[in-house]
Amino acid sequence: MPELPEVETIKRELEKAIINKKIVDVIVNNPKVIREPKKDKFIKALKNVKIKKIIRKGKLLIIELSSGKFLTIHLKMTGQLIYPSTTLGTSPQKATRVSFKFSDGKILDFNDTRLFGELRIVDHWQNLKFIEELGPEPFEIDAKKFSAMLKNRKTKIKVLIMDQKFISGIGNLYANEALFRAKIDPRKPADSLSDKEKELLFKKIKSVLQQAIKYGGSSVVDYVRVSGKKGIYAKFHQVYDREGEKCYKCKGKVKRIVLGGRGTYFCSVCQK
Ligand SMILES: [Zn+2]
């Protein structure tokens, strides 16, 4: 699933690609991805409006339209945005569900093989329930605030930092990577971390996210950049998806356990 670095990459690429462009047509191949309003109203709300601004909040992309409304796009598991697509409705990557055609003839495709993606037209994106519930992003707080947030939290540290209501933008992949870099065992109760560990973890969360953005994110399953190219941060992964392989830092093997229902990769020698 695309996490903060992948969605931020798409946001930056869309900014370069479609700002100020006018949508002249919308082709819907599968209306299941349109959550609100109904298909006909959705199309009508997009025709002949310009793209004013692109915003990202958590994993949500928000496109501000010249009509004052917002088109929100949640990629979920397998969503992709591809631009420019060459043939309307038949992007070469994966099943195209919705295509947006601009006045210059160029096309933006929304592809989604598993149909979990969500497109909406709303008056106020801030009022969407899952947005209201989001915790702060790592870049919106400092180490002191992060440490204070961990106080009295008995939840296992990895499960807690993946809780979007606690802190938003860290999914499974980057939680594993940040904990390895901070040398912290993912099973530790959050409030058992020392002050030094809390500070180091916060630093590593930010650096791993920043580095991942720099390399266009991690293309591990379906995620690709707007150009259709892969994000290459996966080559810097230390533990994610490396069960049984040698730890790059010691002679131990990377282990996999399940925490909070998610595959958790760590080195029990390096992470205490
Ligand atoms: Zn190790």
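Right above here is the structure, for reference.
All residue numbers refer to position in the chain's written sequence, counted from 1. In view of the model being predicted, local features appear only for residues whose pLDDT reaches at least 70, and side-chain atom pairs are presented and counted only at 80 or more, with totals across whole chains, interfaces and linings using the full set of residues. To get the side-chain values, take all heavy atoms of the structure and skip hydrogens and water.

This part covers the pattern of salt bridges. Oppositely charged side chains can pair when the atoms bearing their charge come close. By definition here, a salt bridge exists when the distance from a side-chain nitrogen of Lys or Arg to a carboxyl oxygen of Asp or Glu is within 4 Å. Applying the stated criterion to the full structure yields 20 salt bridges. Measuring nitrogen to oxygen at the nearest pair gives 2.8 Å for the salt bridge that ties E8 to R12. In this pair, E8 and R12 both sit in helix α1 (residues 4-18), four residues apart, roughly one turn of the helix. In this scheme, a residue with accessible area under 20% of its type's maximum is buried, one over 50% is exposed, and one in between is partly exposed, where area comes from a 1.4 Å probe on protein chains only. A relative accessible area of 8% means that E8 is categorised as buried. One salt bridge in this structure joins E118 and R35, with 3.5 Å as the shortest N-O distance. In this pair, E118 sits in strand β9 (residues 118-122) while R35 sits in strand β2 (residues 34-36), placing the two residues 83 residues apart along the sequence. Exposure remark for R35: the relative accessible area of 39% places this residue in the partly exposed category. A single salt-bridge network, built from bridges that share partners, covers R35, E36, K76, E118 and R120. By the criteria applied, helices consist of DSSP H or I runs no shorter than four residues and strands consist of E runs no shorter than two, each listed in order from the N terminus.

Between the N-to-C directions of two axes lies an angle of 0 to 180 degrees, each axis being a line fitted to C-alpha atoms and, for a helix, fitted only over the stretch in contact. Remark: helix α4 (residues 143-150) packs on helix α7 (residues 195-214), axes separated minimally by 9 Å, with the N-to-C direction vectors making an angle of 120°. Overall, the two elements α4 and α7 adopt an arrangement that is oblique. For the pair α4 and α7, the sense of crossing is right-handed. For the pair α4 and α7, contact is made by A143, F146, S147 and L150 and by K198, E199, L201, F202 and I205, respectively. Taken together, the residues that form the contact of α4 with α7 break down as six nonpolar, one polar and two charged. Should an angle fall under 35 degrees it is called roughly parallel, over 145 degrees roughly antiparallel, and 65 to 115 degrees roughly perpendicular, with every other angle called oblique. Left-handed describes a crossing in which the near helix is turned anticlockwise from the far one by less than a right angle; the clockwise case is right-handed. Whether two residues are in contact is decided by their heavy atoms: any pair within 4.5 Å suffices. Side-chain classes follow a simple rule in which Ala, Val, Leu, Ile, Met, Phe, Trp, Tyr, Cys and Pro form the nonpolar group, Asp, Glu, Lys and Arg form the charged group, and the remainder, Gly included, forms the polar group.

Any functional reading would require information that these geometric values do not contain.
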